[in-house]
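# Structural overview
Letter by letter, the chains look like this.
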2 protein chains.
Amino acid sequence: MTTPQNSGEATPHHGGESAAQGIGVTAARGFRAAGVTAGIKASGTPDLALVVNDGPSFAAAGVFTSNRVKAAPVLWSQQVLKDGRLAAVILNSGGANACTGPAGFQDTHATAERVGAELGVGAGEVAVCSTGLIGERLPMDLLLPGVELAVKELTGHGGEAAAIAIKTTDTVHKTAVVRSPAGWTVGGMAKGAGMLAPGLATMLVVLTTDARVPAPELDAVLRAATRTTFDRVDSDGCMSTNDTVLLLASGASGVTPQGEEFAAAVERVCAELARQLIGDAEGASKDIRIDVTDAATEDEAVEVARTIARNNLLKCALHGEDPNWGRVLAAIGTTAAAFDPDRLDVAINGVWVCRGGAVGEDRSLVDMTGRQITITARLNAGGAGATVWTNDLTADYVHENSAYST
Amino acid sequence: MTTPQNSGEATPHHGGESAAQGIGVTAARGFRAAGVTAGIKASGTPDLALVVNDGPSFAAAGVFTSNRVKAAPVLWSQQVLKDGRLAAVILNSGGANACTGPAGFQDTHATAERVGAELGVGAGEVAVCSTGLIGERLPMDLLLPGVELAVKELTGHGGEAAAIAIKTTDTVHKTAVVRSPAGWTVGGMAKGAGMLAPGLATMLVVLTTDARVPAPELDAVLRAATRTTFDRVDSDGCMSTNDTVLLLASGASGVTPQGEEFAAAVERVCAELARQLIGDAEGASKDIRIDVTDAATEDEAVEVARTIARNNLLKCALHGEDPNWGRVLAAIGTTAAAFDPDRLDVAINGVWVCRGGAVGEDRSLVDMTGRQITITARLNAGGAGATVWTNDLTADYVHENSAYST
């Protein structure tokens, strides 16, 4: 079995085995990374990350936002991934390069060209990710010199610096690692704290592995993993123009994983990063797990869970530690899923406050003082289920997002 | 032409022509109304309203929430309206009587029985509306004596008292009147300040007219009017279990309206009430009009407008008077409507801040200091359009809705 290691809040490692292995995207062999300050962010904090695959394999896969308004770097990266091969990923915070027209696409292209020239690979082997405010051009006069700096700083333990450089409103950097006793590793990093409702992938995530896995299998494994992890995070119902999840395989371990172990490891790293995203969502004071059970189909369970997750009135009530189950039923009632309104059961933190569509156990029994809240909605319409993660709606969320671009 | 009269904030009328005519539901001849304090609300404010049609006609129509979790009074009123005939409507605030099971339905039935007995009509001619917290039984020991009191207080100028008695978190009571020079009148009242995203009707609304109009025509006129008014109010994306809009015709004017004038008058009263609802939405500081133009179809225009209206990040930005048009595009991109991302234009308060999917006019030109904000999204995909009204998302909304039931 694989061993999960949550290094989200870990202190930097210098020296010793873990430093040699690195964390996040440099936990797997065959990768180097860097995070530097190019000056894109007015704050002067790190804003440019580079992840490089040194091979011997360069297989890669990616999933991207299903938002039809796609940022230039998403359009670029989709294109370069068509051959299932990547040598490097360059990521900037401080600007999304979305809704920037043909000039914005040119900026992405120029960034990939510069990375390729510095590394001696083709621009078509370089994926680009950007995150920040929509509708503004990137300062290329700062970004391109930043690329040169990042190349100079590349090391086999640069995973943490890279994870730090992709933060926007994130309060912590996010990494995760799963190591297989068979000799291979899957590691990754993520950024994301708002606009968290991916239609396919979410936010910026780079995963790396030294397992030997061909690109078509990477693609299948990554799609399956994101479907049950990042796709089921719905902090605020708002889908980004820049969501990107990439998985790069160096093959440097020389080991070809057997059976389902590799898929399970990728899903585990994705799930761990997804949980870190919810735990750091803008202004949130509660992490809310919504379990929909006894649904007719998994799709309907997801639909119901997502509808509950997006109900502003409920999210306010949960912020106020009010077990207002009527708002859960009002939300379920807006879906097309199979259920009988008189056979709905709802539990909040294990107390079945609603049974048979009406009053159940005493709502005063519900303890909602902790950060984590679990809502269970039993549809009594079949044997399928799904879990979606969301957050409460708070005055801090309003404040943070009413002042973001100003 | 008809003359609209907004009496939302009007002072009570005593004596003189307007008192004789009444306002709201007693503006039309043939109707009496009352609003009394039954003691259902802990606050001791009025909480029970009664509207009685004295004929000679008793034609009526209704539209109800499309939420599949329907409150007992909705199930009851849908049933009694099947014959297109109503003699009275009883409405209580202080409790929604939703998710209360068979016992809750019995409470609704008993309420209609008592109203019928007091008025000398059948219970099957009495519609019931309830509004307030979901998941709690109504205090029938207070409500039924309140019915007797309301019957005693019925007068031809009770429209304002009735409008006051149906308030919950509403800060103002809401009435509207349109008078036709042909001798007939349409009046109405509404309550609603939260959970404002009707799937069909919204909140509690009672409209009355003294025009002679048969029930099937009332039904068609009411459905058409709600489709373009209450259905296009989306304050917080949350659909209620109790939404009801009723239209009662007494025929007391003796006049049968000609042509489209009656439908136009009903739509005008609905539009006026809908605007009052948005203007009084919980915690809101902005009334936001979203015009989607040049869409392929009206349905797609509504879908796009509603998706923009429900985007929490945008609603926060508008609260902060930040013309963050990137969030408008990110929202449009999640719809299935026909458009080319590179041909989207967006104006905020008349300034085209986005042209061709990219940066347009200088965003600093946008003045957002007033309460009303207009967002225009031009899809450049056809000739259809639609308008949806919403509000901003504020810390006050969070506060009001995190403390509602406690």
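Residues numbered from 1 in each chain as written. Chains lettered and ligands numbered in written order. Predicted model: local features only at pLDDT ≥ 70, side-chain atom pairs only at ≥ 80, totals over all residues. Heavy atoms only, no water.

### Some thoughts on the sheet that holds strand β3 (residues 48-53) of chain B
All names here are of chain B. Taken in spatial order, the 4 strands make up an open sheet running β2-β3-β5-β6, and their pairing is mixed. The open sheet has two edge strands with one neighbour each: β2 (31-36) and β6 (126-130). The average angle at which neighbouring strand axes cross in this sheet is 10°, direction not considered. Taken together, the 5 bridges between strand β5 (residues 88-92) and β6 define a ladder with parallel strand orientation. Each residue of the ladder has a partner; that of I90, found in β6, is V128. (Pairing = 2+ DSSP bridges. Helix = DSSP H or I, 4+ residues; strand = E, 2+ residues; numbered from the N terminus. Axes fitted to C-alpha atoms, helices over the stretch in contact; angles between N-to-C directions.)

### Some details on the interface of chain B and chain A
At the interface, 53 residues of chain B touch 53 residues of chain A. Buried surface at the junction of chain B and chain A, summed over both partners, amounts to about 4000 Å²; 61% is from carbon and sulfur atoms. For the pair chain B and chain A, the number of links is 0 salt bridges. There are 1 residue pair in polar contact (both at pLDDT 80 or more) connecting chain B and chain A. Those elements that provide at least two residues to the side of chain B that touches chain A are α9 (312-319), α10 (325-332), β14 (358-359) and α11 (395-402) of chain B. Split by residue class, the side of chain B that touches chain A holds 26 nonpolar, 21 polar and 6 charged. (Contact = heavy atoms within 4.5 Å. Buried area = accessible area lost by both parts, 1.4 Å probe. Salt bridge = Lys/Arg side-chain N within 4 Å of Asp/Glu carboxyl O. Polar contact = N/O pair within 3.5 Å; in protein donor to acceptor, adjacent residues only side chain to side chain. Nonpolar A, V, L, I, M, F, W, Y, C, P; charged D, E, K, R; others polar.)

### Topic: the relation of the copies chain B and chain A
The two copies are related by a screw operation: chain B maps onto chain A through 180° of rotation and 0.0 Å of translation along the axis, at an RMSD of 0.0 Å. Look at the turn and shift together and you get a two-fold axis relating the two. Residue A395(B), judged by its C-alpha, is the member of chain B lying nearest the rotation axis, at 2.1 Å. A high fraction, 100%, of the interface residues of chain B reappear at the interface in chain A, so the copies pair face to face through one surface. (Least-squares fit on C-alpha atoms with pLDDT ≥ 70 in both.)

### Side note on the environment of V292(A)
Residue and element names in this part refer to chain A. Summarising the element assignment, V292 is placed in strand β11 (residues 287-295). Judged by its relative accessible area of 1%, V292 is buried. Separated by 92 residues in the primary sequence, V292 and A384 have C-alpha atoms spaced 8.4 Å apart. Not counting residues within four places of it along the chain, the set of residues in contact with V292 comprises A301, V304, A305, A377, L379, A384, G385 and A386. (Buried < 20%, exposed > 50% of the residue type's maximum accessible area, 1.4 Å probe, protein only.)

### Let's talk about helix α3 (residues 101-119) of chain B
Here α3(B) spans 28 Å end to end across 19 residues, near enough to the 27 Å set by a 1.5 Å rise per residue. Within α3(B), the full set of buried residues consists of G104(B), D107(B), T108(B), T111(B), A112(B), V115(B) and G116(B). (Expected span 1.5 Å × (residues − 1).)

### Description of the packing of aromatic side chains
Residues and elements named next belong to chain A. In this structure the tally under the stated criterion is 4 aromatic pairs over all chains. Their ring planes at 70° and their centres at 5.5 Å tell us that W184 and F262 sit as a pair that is edge-to-face. With W184 in the loop between β7 (174-179) and β8 (185-191) and F262 in helix α7 (residues 261-279), the pair connects residues that are 78 residues apart, well separated along the chain. Look at F262 and you get buried, because its relative accessible area is 1%. The ring of W389 carries the charged tip of R275 above its face, separated from the ring centre by 4.0 Å. (Phe/Tyr/Trp six-rings, centres within 6.5 Å; stacked < 30°, edge-to-face > 60°. Lys NZ or Arg CZ within 6 Å of the ring centre and 35° of its normal.)

### Looking at helix α9 (residues 312-319) of chain A
An α-helical turn contains 3.6 residues, so a residue and the one three or four places further along point in the same direction. Residue and element names in this part refer to chain A. With 7 of 8 residues buried, α9 lies mostly within the body of the structure. Restricting attention to buried positions, one finds in α9 the residues N312, L313, L314, K315, C316, A317 and L318. Looking one or two places after α9, you find E321, whose phi comes out positive at around 55°.

### Details of the side chain of N391(B)
All names here are of chain B. Take N391: it is sitting in strand β16 (residues 384-391). Within the structure, N391 has its side chain in polar contact with the backbone oxygen of K286 (distance 3.2 Å). With sequence-adjacent residues up to four places away left out, N391 is seen in contact with S235, I278, A281, A284, K286, D287, I288 and K315.

### Side note on the UniProt feature "binding site: substrate" (unreviewed entry) in chain A
Residue and element names in this part refer to chain A. In the numbering used here, UniProt assigns the "binding site: substrate" (unreviewed entry) feature to T168, K191, T202, E282, N401 and T406. Mapping E282 onto the fold places it in the loop between α7 and β11. Looking at E282, the relative accessible area reads 7%, which means it is buried. (UniProt positions renumbered as here; feature names shortened; annotations may be inferred.)

### Topic: the pairing of strand β12 (residues 345-348) of chain A
All names here are of chain A. With burial as the criterion, each face of β12 is covered, one bearing D345 and A347 and the other bearing V346 and I348. The sheet contact formed by β12 and strand β15 (residues 372-378) spans 4 bridges and is antiparallel. Paired with V346 across the bridge in β15 is A377. Looking at chain direction, β12 and strand β13 (residues 351-355) are connected through 2 bridges and run antiparallel. Within β13, the position partnered with V346 by the bridge is C354. Once β12 ends, the chain turns through 2 residues before running back antiparallel as β13, passing N349 with a positive phi of about 45°.

### Brief notes about the sheet that holds strand β5 (residues 88-92) of chain A
Hydrogen bonding along the main chain pairs the strands of a sheet, whether they run parallel or antiparallel. Residues and elements named next belong to chain A. In space, the 4 strands of this open sheet follow the order β2-β3-β5-β6, with mixed pairing throughout. The open sheet has two free edges, formed respectively by β2 (31-36) and β6 (126-130), since each of these has just one partner strand. Each adjacent strand pair in this sheet contributes to an overall mean axis angle of 10°, direction not counted. Sitting on the sheet, helix α3 (residues 101-119) touches β3 (48-53), β5 and β6, and the angle it makes with β6 is about 135°.

### Examining unusual backbone geometry
For the bond from G55(A) to P56(A), the omega torsion is 20°, close enough to zero to count as cis. For N380(A), which is not glycine, the phi torsion reads 50° and is therefore positive. The class of N380(A) is partly exposed, set by a relative accessible area of 25%. The phi dihedral of E321(B) falls on the positive side, at around 55°, and the residue is not glycine. Position of E321(B) among the secondary structure elements: in the loop between α9 and α10.

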